[in-house]
Amino acid sequence: MMHRLTSSPLFWPAAALIGLLALNVVLTPSFLSIRLESGHLYGSLIDILRNGAPMMLVALGMTLVIASRGIDLSVGAVVSISGALACAHIAAASDQTSLGTVAAAILIALAASVALGLWNGMLVSSFGITPIIATLVLMTAGRGIALLITQGQILTLGGGPFKVLGAGYALGLPVAILITLAVFVVVAAVTRRSALGMLLESIGVNPEASRLAGVRYRTIVLAVYVFSGLCAGVAGLMIASNISAADANNAGLWIEMDAILAVVIGGTSLLGGRFSLTGTVLGALIIQTLTTTVYTAGITPETTLVFKAVVVIAVCLLQAPRFRRLLRRRAATSDGPVTARPDSTGLGANSEPVVAS
């Protein structure tokens, strides 16, 4: 029973998350407490979910891209462009608190994000460019595009309806959490309650065989890159809304690395095929909880990335079947001498095979 439990791809991410939460409880006894004020829930756990919502969205899109045997390094740039477009439109309007202005800004940002995802998908599916190269182009140019939109400045807003997206509350929970939860439910329903998930996995396992079997390879690959761009666009709106500003230099910086780490920790294969949306969410929560733990433990900023890397590599090693077999073999060796198994050839332990001359 225990072996079956530990062999589950979700066991070690869940165990790591529980361990991090326990460490934070030791450092701050009131860490798990949640309080209700003015109909809104507050607490460290709520903060982790709210602050981690943009990365979860990006990681969900990244999961489908990786499942198709691809990669999207441009999501951080799309996050920056999305926030810059929305803030620039609102800042240029005469009435920044108008619902029409905010709605138009959101639509412009999301349309641009979809267009950027479409660009990546076309380069990969139609022109056959390697995904890491195709998305690296936009990753490099995207920050420059965002800086052009903001004219190299940090555009600040005065609040209004746009603030609700990243810092507002609904039904007692932050709106960012509710949006991420809704996206997760929709994606899980589409990929696990329809044939799309199976087709996506088949493309990741063997794209050529899937194409010969009649699977619309180009359409599906194009769709996953568009979805990844859309998720990054929504994440960019959340980040800009939360700080009421567009910072083209820092918005979404390295979020693509955190998203890939979350996907890998969650058990999705980087070789394509097998993927786990629930595992991705657990991985994103681990990354965000790690960040919170670093601040709580007072670890210096210079060693923050090293600390995160150590925890991530430990979880990945514990997930690897070969590493777990090695640990079990070492444990069995340390418990006592290994009994030699009978030789199926009938030769003795010290016998040498006879070689015909």
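The structure under discussion appears in the preceding block.
Right, let's walk through the structure included here.

Calculation criteria
Position numbers for residues count from 1 along each chain, tracking the sequence in the order it is written. Totals for whole chains, interfaces and linings use all residues, but because this is a predicted model, local features are given only for residues with pLDDT of at least 70 and pairs of side-chain atoms are given and counted only at 80 or more. Processing note: side-chain calculations cover all non-hydrogen atoms of the structure and skip hydrogens and water entirely. Secondary structure follows DSSP: runs of H or I at least 4 residues long count as helices, runs of E at least 2 residues long count as strands, and numbering of each begins at the N terminus. For each residue, the accessible area found with a 1.4 Å probe, counting protein chains only, is set against the maximum for its type, and the residue is called buried under 20%, exposed over 50%, and partly exposed in between. By the convention used here, residues are in contact when the closest approach between their heavy atoms is within 4.5 Å. Here, Shrake-Rupley sampling with a 1.4 Å probe gives the accessible areas, and only protein chains in the shown set may cover a residue. By the counting rule applied here, Lys and Arg register as positive and Asp and Glu as negative, while His and the ends of each chain are not counted. Charge coordinates come from a single atom per side chain, which is NZ of Lys, CZ of Arg, CG of Asp or CD of Glu. Whenever a pair of cysteine sulfur atoms sits within 2.5 Å, that pair is classed as a disulfide. The rule is short: rings of Phe, Tyr and Trp, with Trp giving its six-membered ring, pair when the centres are within 6.5 Å, and they are stacked under 30 degrees, edge-to-face over 60, tilted in between. We call a charge positioned above a ring when the Lys NZ or Arg CZ atom is no farther than 6 Å from the ring centre and deviates by at most 35 degrees from the ring normal. Under the convention used throughout, the expected extent of a helix is 1.5 Å for every residue step, that is, one less than its residue count. Two axes define the bend at a residue: one fitted to the seven residues ending there, one fitted to the seven starting there, and the bend is the angle between them. Angles shown run from 0 to 180 degrees and are taken between the N-to-C directions of axes, each axis being a line fitted to C-alpha atoms and, for helices, limited to the stretch in contact. Throughout, the term roughly parallel applies to angles under 35 degrees, roughly antiparallel to angles over 145, roughly perpendicular to angles from 65 to 115, and oblique to all others. Left-handed describes a crossing whose near helix is turned anticlockwise from the far helix through less than a right angle; right-handed describes the clockwise counterpart. Residues are grouped as follows: nonpolar covers Ala, Val, Leu, Ile, Met, Phe, Trp, Tyr, Cys and Pro; charged covers Asp, Glu, Lys and Arg; every other residue, Gly included, is treated as polar. By convention in these notes, a salt bridge is any Lys or Arg side-chain nitrogen within 4 Å of a carboxyl oxygen on Asp or Glu.

**Comments concerning the overall build of the chain**
Move 1: Looking only at helices and strands, the chain has 15 helices and six strands in total.
Move 2: Over its C-alpha atoms, taken along the principal directions, the chain stretches across nearly 95 × 55 × 40 Å.
Move 3: Scored against the burial criterion, the 357 residues of the chain give a buried share of 42%.
Move 4: Put simply, of all contacts in the chain between residues at least 6 apart along the chain, 77% involve residues at least 24 apart.
Move 5: Of the roughly 18300 Å² of accessible surface on the chain, a fraction of 67% belongs to carbon and sulfur atoms.
Move 6: Of note, the chain has its 20 positive side-chain charges centred 9 Å away from the centre of its 13 negative side-chain charges.

**Some words on the state of the cysteines**
Move 1: In total, this model carries zero disulfides according to the counting rule given.
Move 2: Take Cys-87: it sits in no disulfide, and the sulfur closest to it among the cysteines is that of Cys-231, at 20 Å.
Move 3: Among the residues examined, Cys-87 registers a relative accessible area of 0% and is labelled buried.

**A short note on the packing of aromatic side chains**
Move 1: Scanning the entire structure with this criterion turns up one aromatic pair.
Move 2: On the numbers, 5.5 Å between centres and 50° between planes, the contact of Tyr-42 with Tyr-169 is tilted. Residue Tyr-42 is located in strand S2 (residues 40–43), and its partner Tyr-169 is located in strand S4 (residues 169–170); the two are separated by 127 residues in the primary sequence.
Move 3: For Tyr-42, a relative accessible area of 26% gives the class partly exposed.
Move 4: With a relative accessible area of 19%, Tyr-169 lands in the buried category.
Move 5: The aromatic ring of Phe-275 is capped on one face by Arg-192, whose charged end is 4.1 Å from the ring centroid.

**Quick notes on helix H6 (residues 131–150)**
Move 1: The terminal C-alpha atoms of H6 lie 28 Å apart, and with 20 residues this matches the ideal 28 Å at 1.5 Å per residue to within 8%.
Move 2: Approximately 35° is the largest bend angle found in H6, and it occurs at Ala-141.
Move 3: All of the buried residues along H6 are Pro-131, Ala-134, Thr-135, Leu-138, Gly-142, Arg-143, Ala-146 and Thr-150.
Move 4: On its buried face, H6 is in contact with helix H4 (75–92), helix H5 (99–126), strand S3 (155–156), helix H11 (217–243) and strand S6 (245–246).
Move 5: Just downstream of H6 lies Gln-151, where phi reads positive at about 60°.

**Overview of unusual backbone geometry**
Move 1: The backbone of Leu-171 shows a phi angle near 60°, a positive value even though the residue is not glycine.
Move 2: Among the secondary structure elements, Leu-171 is positioned in the loop between S4 and strand S5 (173–174).
Move 3: Classification of Leu-171 by relative accessible area gives exposed; the value is 82%.

**Quick notes on the packing of helix H8 (residues 175–192) against H11**
Move 1: Following both chains from N to C, one finds H8 and H11 inclined at 170°, their axes separated by 11 Å at the closest point. Relative to H11, the element H8 is oriented roughly antiparallel. Where H8 approaches H11, its residues Ala-176, Ile-179, Thr-180, Val-183 and Val-187 are matched on the opposing element by Phe-227, Val-234 and Met-238.

**Remarks on the packing of H4 against H6**
Move 1: Interhelical geometry of H4 versus H6 gives an angle of 15° and a closest axis separation of 8 Å. Classified by the angle between their axes, H4 and H6 sit roughly parallel to one another. Between H4 and H6 lies a crossing of left-handed hand. Contacts between H4 and H6 involve Gly-76, Ala-77, Val-78, Ser-80, Ile-81, Ala-84, Leu-85 and Ala-88 from the first element and Leu-138, Met-139, Gly-142, Arg-143, Ile-145, Ala-146, Ile-149 and Thr-150 from the second.
Move 2: For the contact of H4 with H6, the residue count by class is 11 nonpolar, four polar and one charged.

**Points about the pattern of salt bridges**
Move 1: Evaluated as defined, the whole model comprises three salt bridges.
Move 2: Glu-37 is paired through a salt bridge with Arg-35; the nearest N and O atoms lie 2.8 Å apart.
Move 3: According to the relative accessible area criterion, Arg-35 is partly exposed, its value standing at 46%.
Move 4: One salt bridge in this structure joins Arg-50 and Asp-47, with 3.2 Å as the shortest N-O distance. With Arg-50 and Asp-47 both in helix H3 (residues 44–67) and three residues apart, this pair spans about one turn of that helix.

Don't take any of this as a statement about function, it's just geometry.
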